[in-house]
Structure formats: structure tokens, C-alpha cells
Amino acid sequence: MAHLAHYREAHPIPFVITHWINLVSMIFLIVTGFSIHFPFWPNFMGVARGVHVLCGIVLLLNCIVRVILAFVVKSAPTGGTRVLVADYKTWLPQKDNRHQLGAWIKYYLFLKKDHPLSAKLGVPQKISYLAIPLLIIVMAYTGFSLWGPIMDAPALKAGVNLVGGLMSMRIIHYFLMYVFIIFMFLHVYLANVEGFAPTKLMFLWREHGGLVYDPDQHSIIGEDDEGAKH
Amino acid sequence: MEKEATISGFYEMLEARGVTRRDFMKLCGAIAAAAGVSQLTIPQVAEAVESLIGNAKGNLYPVIWIEAASCTGCTESFAQVDTPDAATVVLEMISLNYSETLSAGAGFSLEEAKEQTIKECAGKYILVYEGAVLEGWEGQALRVADTPGTETLIEAAENAFAVVALGSCAVNGGWMAAYPNPSQACGVQQYLKKAGIDKPVINIPGCPANPEWLTTVLAQVILMEQVPALNDENKPALMFSQTVHDNCERRGHFENGEFVYEFGSEEEALGYCLYPVGCRGPQTKSNCGIVRWNRRRSWCVESGAPCIGCCEANPSNSGQNWVEVNTPFFKRHRDLRIGDFVFQPGTVALTLTGLVAAALVIHGFGMKISGRMDGGADFEKVRKWDEKHPDRAIGHYDVVVEKVPEDSEDQETKAEETEGGKA
């Protein structure tokens, strides 16, 4: 029982919802994307394309909403505490967190025996979460430039000419999907490898007792075994 | 009287080639539609076509048809039909003052005819350029009549009313420009721009180009005495602005998800969509499915072949030639190339994803063995950085990094990180 307590303050309800939307639309996008690339299933193309475009728009809008919410909603800067700060501060690189990058990498490579202390989002996590919104925007751009009804828009056409035609754009769109898939592998693995408590909090908003952390002193100050109690 | 005699003479010429007046008027209607003008203008179109053929009123537009690095396929596509149709006759009978393939003359006398047309009809003739421009070996990669091909192009283009780049090779190098492109093939527009010649270039891609496209463009130039409406790639907008997919007769099967996965299969016999066998229709802009080919008898997809994207030709990028971006034709993706290593994008993506998955499984065993799966290892008592800097105040996780780190503390932090990494 070495992990920190998982309190709802870490993931306020709006972020639980945006996370659900991300998950569902990404899964739909990947499944329909594969069948648009090559129609493995018969009689599915029309549905696949409709769902793909819809989920693409949903994912993009959800991404924009999530970024705006980061400036509006408050969340806890670390696990094991109910202290609240503006969410974007937990998201962007923090001055007092980045020197833990080496510690994190060493921990994951089994070169460091004890668990690094850090903010709610560890340094490698932060890098990947900051990359995801950018990736979603690039993905939407490459996707829209392949979509017949709007592919002639000058802003999209410029990108197509830049990368050397629709075939190249198609391949970039395809490769980026694998970036999402690889991210999901890593994300699911790292979130759950030390126990399913973070997942229960993120999806079901279920709290879990554990160590209590003082974000001002950067030290463990106790233990909360009372589970979901506030 | 004179006019009537001329017209009847003209129809006699058509009839001698097996084309009725009705066929001819149908062609004029098709040209009017393709040019985007009202069907009421058909008589004017007919007149324009007649004058194009050279019968009327000194309004003659001679054509110089130069073949550069080409397979002559674009010439063949209208010259080698067994019974001539109206469009072929028009093209056959334009005042074709120079054509390596079609002119009866050859050698010095033909070259002289070309020189004469360029001098005497300066600003009035149309240059049809078939095949790629070869820049290799200072233009010596193509040498005709003791002159580098590039010089011939410059001379003929400078004095032309308009230049028609006919076929994908002329538009951006086509398959001549495909890897490794030793002769440095490129398109007419790109070359003329580089040579500083400001002349309107009308790009008609295709391998080969459909003769009806050329007929329409020539008729438009005569009819309106101006270059037809072009899209951003200088291709006639009405012919090359929608994808083959948009107007495909098998589109219904695409939307239904009814596909041909294998040639010789039952699905093929049912005429299903050819997308899984590599059809490039969704990314190729051309009206093939509307004008069709060989006197509108059929076209690639109707005859059972997936579109291979021969009309894809970005005139300002010879690397985006249709062969480079579309081969292998029967695969959904093109091949990628790093040096001599040629691969399909899917293979690389799947391999990389598989490696990551395998690494995670191995890492998972490591986590299990080191007992970290139940809540992770015990936390460090104090962060290494705090330990090393006992004199510094402990920071907060809600202080976001400033964009331009100016204070010395930041620089020291960086130095510490590097040190930590080495240790």
C-alpha cells in the first residue's frame, strides 16, 4: 500500500466526462478508421465514414473544451491531497517538478528503487498529455483535408500541397493513428500497472484511501484508510 | 454564299471520314457543356470548331505540337482509333503546322515549317507540349534537330498565344519524373517559371490525356479567345476539380460497403467497388466517369480496372508525379522509400506498435518481479533535488515554469539535471 490516496479533487467531474468522451470517440475513430483504410467488414463503409467524421468533430471539440476548462476548473496539484489550484497549473510544466524527470526515467528503467515524489502528473506523463491536444489538432487537420466535401478549402489544400498530395496526407493520417494507439498502450499500462485505483477514480469517480501528501512540504504526512469519505 | 459553300465543304470533309452532321453537333453540345457555357451557344461552338479546323475567315489558330520526353501515348490516344469520331477529326484537321508523329514531312523541311509558324504567327498559335521537359545534362537529355529540348520549348512558348501541357508528363514530369529520375524530368509550367517566361499554361493531365479534353480546350481558346477557367493547378476547372470517386458509377457500392477484394471473384462479376484493390478514385481529380473514353464507350472503372490516379499531377511539384504517389497500384498505400529500402507504411506502423506492446509486456514482468504492481514501490523520503539544495526553499507544484528562464536558479537546475543523468 504505497500509493497515494485517490481523491476526487484530482479529477473533478468535468474532466471525468471529457475523459470518457475522449475514450469513446478515439475507440470509434480507430475502429472505423481501420475499416475505411481497408474495408474488412462488408456493408459497413457508409456507416464507418459517418461515424468517423462525427467522432472526429466530437474529439476536436472535446479537446478545445478540455483546454478551456483547464483555466476554469480547479483541481488538486498532486494525489493524496484535497488542496485545489487552477487546473492548467497542474498540466503545464512546473518549475518544481521538472527536475524529477531523471528520477522518473530511472524508476521506470528499474535503476531507482524508491518511487519518485511528484505532482499529479509525472514529468513523462505531462509531456505526453501536452502532446495529445496538439496531436488531436494535427489529426483533425489531416483528416479534414481528406474529407471530400471540404478538401478544396484553401487552408486544407495548402497542407496537402505541402506534404506532396492526398496520398501522403492519407499516410500521415494513418501513421498518426498509430501514435494514438501507442499512446493508449502506454497510458493504459502506466495508469494501471501499480493498481486499478487511478482508473476507478477516473472512470467511476470512486475514491480510494492511501497515503496523504502535503504538497507544500513534499512529504507523506499520514495515511487515509477510510476510502471514499470526505 | 461563300459561307455556305465553306460549311458544306466542311461537312463533306466530316462525311468522308464517316462523321455525320448530327455527330458533329453532338460534339459541339458536349464541348459547350464541358466549357460551362449555355447550350444556346452551340452554333457559336460549331463555328469555332470549324474555324479551328481551318476553314473559316482567316481566324485560324495554327498548332505546334511538340513531343518531348513522351511515349507518344497522348498522340496515339486520338490518332490510332479504327474509325474516327468527331473529336478525332477535329484534332486531326486543326492547322497542325508541326508534329513529329503526325506531320507528313520530316527533317529539315518540317523544322523549317515550325520556325516559320513561330515567326509569322507569333502570339497567335497554340503550343501543345506532350511529354516531360528534361533538364538533365544541361538540357542535352533530350535533343531534337540538333537543339536541346529545353531551348526548343523556350522558343516555341515565348511566342505562343497559350501553352497546353498535354498529358501528365507535360504537367509535372509524370512517370518520366518517377524515382530515380536521372534525366531530371519536370513539367512545362515549372520549367517556364524557372526560365522566367510568363505565358499561360493550361495543364491537361492524364496518361494518356483524353482527346475530348484537348478538343474542348482548343475550342474554348478559339471561341472566347482566352484561356478557359482554370483551377489552382492551372487545369481546366470544369474537368479537374472533382474526384473520380465523386462521379463514379460504382459509388453506390462503395457507400453500401460492397467491394471487390480479389480479381476473378464473384464480387468482381457483380461490378462492386474496386477500392480494396487500390482504386485511386477518391484522391484523383478528373471527370473520367463523365466524359468517358474511346468515344464514350467505356472507361477504366467501367471496364473493371481500379483508377490508378494517372491524372494526379501537381504542376509545381514534379516529385508529386502520379507514378511516385500511386505505386504499387493495387495496394491501398503507395510504397515509401528510405535509400534502397522500400516498404509499405502499414508494415512499419504495425512493427513499431508490436515492438512497443512487447516492450510493455516485458516491462510488466519487471514490475511484477520487483513487487511494484501492488501500489508501486515505497516513496522516496525526500526528493533528490531538495536533498542537494538544502539551502533552497521547497517549491510548489502550482508554480508554472516561466517561458524565458532568466534567474540563475533555473540554469543551476538544468546543470543538476545533467549531472543527475550522468550519475
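Here the structure is a predicted model, which is why all the values come from computation and not from measurement.

*Asks:* I'd like to hear about the overall build of chain A, residue by residue, with values.
*Replies:* When you go through chain A residue by residue, the secondary structure sums to eight helices and four strands. Across chain A, helices and strands are ordered from the amino to the carboxyl terminus as α-α-β-β-α-α-α-α-α-α-β-β. The principal-axis extents of the C-alpha atoms in chain A amount to approximately 60 × 35 × 35 Å. Per-residue burial for chain A yields a buried fraction of 51% across its 230 residues. In chain A, the proportion of contacts linking residues at least 24 apart, taken out of those at least 6 apart, comes to 62%. By element, 74% of the accessible surface of chain A is carried by carbon and sulfur atoms, the whole surface being about 10500 Å². For chain A, the centre of its 18 positive side-chain charges and the centre of its 13 negative side-chain charges are spaced 10 Å apart.

*Asks:* Outline the side chain of Arg66(A), supporting the account with residue identities and numerical values.
*Replies:* Residues and elements named next belong to chain A. Tracing the sequence through the fold places Arg66 in helix α2 (residues 45-72). With relative accessibility at 15%, the residue Arg66 sits in the buried group. Not counting chain neighbours up to four residues away, the residues in contact with Arg66 comprise Phe15, Thr18, Asp87 and Trp91.

*Asks:* Break down helix α5 (residues 123-144) of chain A for me, with residues and values.
*Replies:* Residue and element names in this part refer to chain A. Here α5 is 22 residues long and its end C-alpha atoms lie 32 Å apart, about the 32 Å a rise of 1.5 Å per residue gives. For α5, the complete set of buried residues consists of Val123, Lys126, Tyr129, Ile132, Pro133, Leu135, Ile136, Met139, Ala140 and Thr142. Of the surrounding secondary structure, the elements contacted by the buried residues of α5 are α1 (13-37), α2, α3 (87-91), α4 (101-108) and α7 (166-192).

*Asks:* A description of the interface of chain B and chain A should follow, citing residues and the corresponding values.
*Replies:* Taken together, the 71 residues of chain B in the interface contact 71 residues of chain A. Both sides of the chain B and chain A interface together cover about 6400 Å² of buried area, and 60% of this is carbon and sulfur. Ranking the residues of chain B by area buried against chain A places Phe379(B), Glu380(B) and Tyr397(B) at the top, with a combined share of 15%. Our count for the contact surface shared by chain B and chain A stands at five salt bridges. Those elements that provide at least two residues to the side of chain B that touches chain A are α12 (251-256), α15 (322-326), α16 (345-369), α17 (384-388) and α18 (408-422) of chain B. With 13 residues, the top contributor of residues to the side of chain B that touches chain A is α16(B). Tallied by class, the residues present in the side of chain B that touches chain A amount to 25 nonpolar, 22 polar and 24 charged.

*Asks:* An account of the nonpolar core is requested, with residue identities and associated values reported.
*Replies:* Residue and element names in this part refer to chain B. One finds Ile126, Val128, Val164, Leu166, Ile204, Trp213 and Leu214 to be the most contacted residues of the largest nonpolar core, which totals 38 residues. Mapped onto this core, the elements with two or more residues apiece are β1 (63-67), β3 (126-130), β7 (162-166), β9 (201-204), α10 (211-224), α11 (237-240), α14 (288-291) and α15. Here this core gets five residues from one element, more than from any other, and that element is α10. A domain-level breakdown of this core finds at least three residues from each of domain 1 (2-237) and domain 2 (245-345). Ignoring anything within four residues of it in the chain, the contact list for Val164 reads Ile126, Leu127, Val128, Tyr129, Ile202, Ile204, Leu214 and Val217.

*Asks:* So what about the pattern of salt bridges? Which residues, and what values?
*Replies:* Should the charged atoms of two oppositely charged side chains come close, the side chains can pair. This structure, assessed with the given rule, holds 19 salt bridges over all chains. Note that Asp87(A) and Lys120(A) form a salt bridge whose closest N and O atoms lie 3.8 Å from each other. With a gap of 33 residues between them, Asp87(A) in helix α3 and Lys120(A) in the loop between α4 and α5 connect regions that are remote in the sequence. On the basis of relative accessibility, which here comes to 1%, the residue Asp87(A) falls in the buried class. A salt bridge links Arg383(B) to Asp96(A); the nearest nitrogen and oxygen atoms lie 2.7 Å apart. With Arg383(B) in the loop between α16 and α17 and Asp96(A) in the loop between α3 and α4, this residue pair bridges two chains.

*Asks:* Provide a residue-level description of a nonpolar patch on the surface, including the pertinent values.
*Replies:* Among the surface-exposed residues, Ile57(A), Leu61(A), Ile64(A), Ile68(A), Phe71(A) and Val72(A) lie close enough to one another that they form a single nonpolar patch of about 580 Å² accessible area. With relative accessibility at 55%, the residue Phe71(A) sits in the exposed group.

*Asks:* If you had to explain the sheet that holds β3(B) to someone new, which residues and values would you point to?
*Replies:* All names here are of chain B. Judged by pairing direction, the sheet is parallel, and its five strands sit side by side in the order β2-β1-β3-β7-β9 without closing on themselves. This sheet does not close on itself; its edge strands, each paired only once, are β2 (96-99) and β9. Sheet twist, expressed as the average angle between the axes of neighbouring strands with direction ignored, equals 15°. With five bridges joining them, β3 and β7 adopt parallel strand pairing. Paired with Glu130 across the bridge in β7 is Leu166. Running over the sheet, helix α6 (residues 108-120) touches β1 and β2 and is turned about 130° from β2. Across the sheet, helix α7 (residues 149-158) touches β1, β3 and β7, and the angle it forms with β3 is around 155°.

*Asks:* Explain the environment of Leu4(A) to me, and be specific about the residues and the numbers.
*Replies:* Structurally, Leu4(A) is set in the segment before α1. Separated by 123 residues in sequence, Leu4(A) and Ile127(A) place their C-alpha atoms 22 Å apart.

*Asks:* Any chance you could break down α16(B) for me, citing the residues and the numbers?
*Replies:* Between its terminal C-alpha atoms α16(B) stretches 37 Å, which fits the 36 Å expected from 25 residues at 1.5 Å a residue. Those residues of α16(B) not exposed but buried are Pro345(B), Gly346(B), Ala349(B), Thr353(B), Val356(B), Leu360(B), His363(B), Gly364(B), Gly366(B) and Met367(B). Along its buried surface, α16(B) packs onto α4 and α7 of chain A together with β10 (336-338) and β11 (341-343) of chain B. Positive phi appears at Gly371(B), one or two residues downstream of α16(B), with a value of about 70°.

Reading the values: rules and limits
Residues numbered from 1 in each chain as written. Chains lettered and ligands numbered in written order. Predicted model: local features only at pLDDT ≥ 70, side-chain atom pairs only at ≥ 80, totals over all residues. Heavy atoms only, no water. Helix = DSSP H or I, 4+ residues; strand = E, 2+ residues; numbered from the N terminus. Buried < 20%, exposed > 50% of the residue type's maximum accessible area, 1.4 Å probe, protein only. Contact = heavy atoms within 4.5 Å. Areas by Shrake-Rupley, 256 points an atom, 1.4 Å probe, with all protein chains shown as cover. Lys, Arg positive; Asp, Glu negative; His and termini not counted. Charge placed at Lys NZ, Arg CZ, Asp CG, Glu CD. Expected span 1.5 Å × (residues − 1). Buried area = accessible area lost by both parts, 1.4 Å probe. Salt bridge = Lys/Arg side-chain N within 4 Å of Asp/Glu carboxyl O. Nonpolar A, V, L, I, M, F, W, Y, C, P; charged D, E, K, R; others polar. Core = buried A, V, L, I, M, F, W, Y, C linked by side-chain atoms within 4.5 Å. Domains from an automatic or database assignment. Patch = residues over 30% accessible without salt bridge, like charges linked within 9 Å, V, L, I, M, F, W, Y side chains within 5 Å. Pairing = 2+ DSSP bridges. Axes fitted to C-alpha atoms, helices over the stretch in contact; angles between N-to-C directions.

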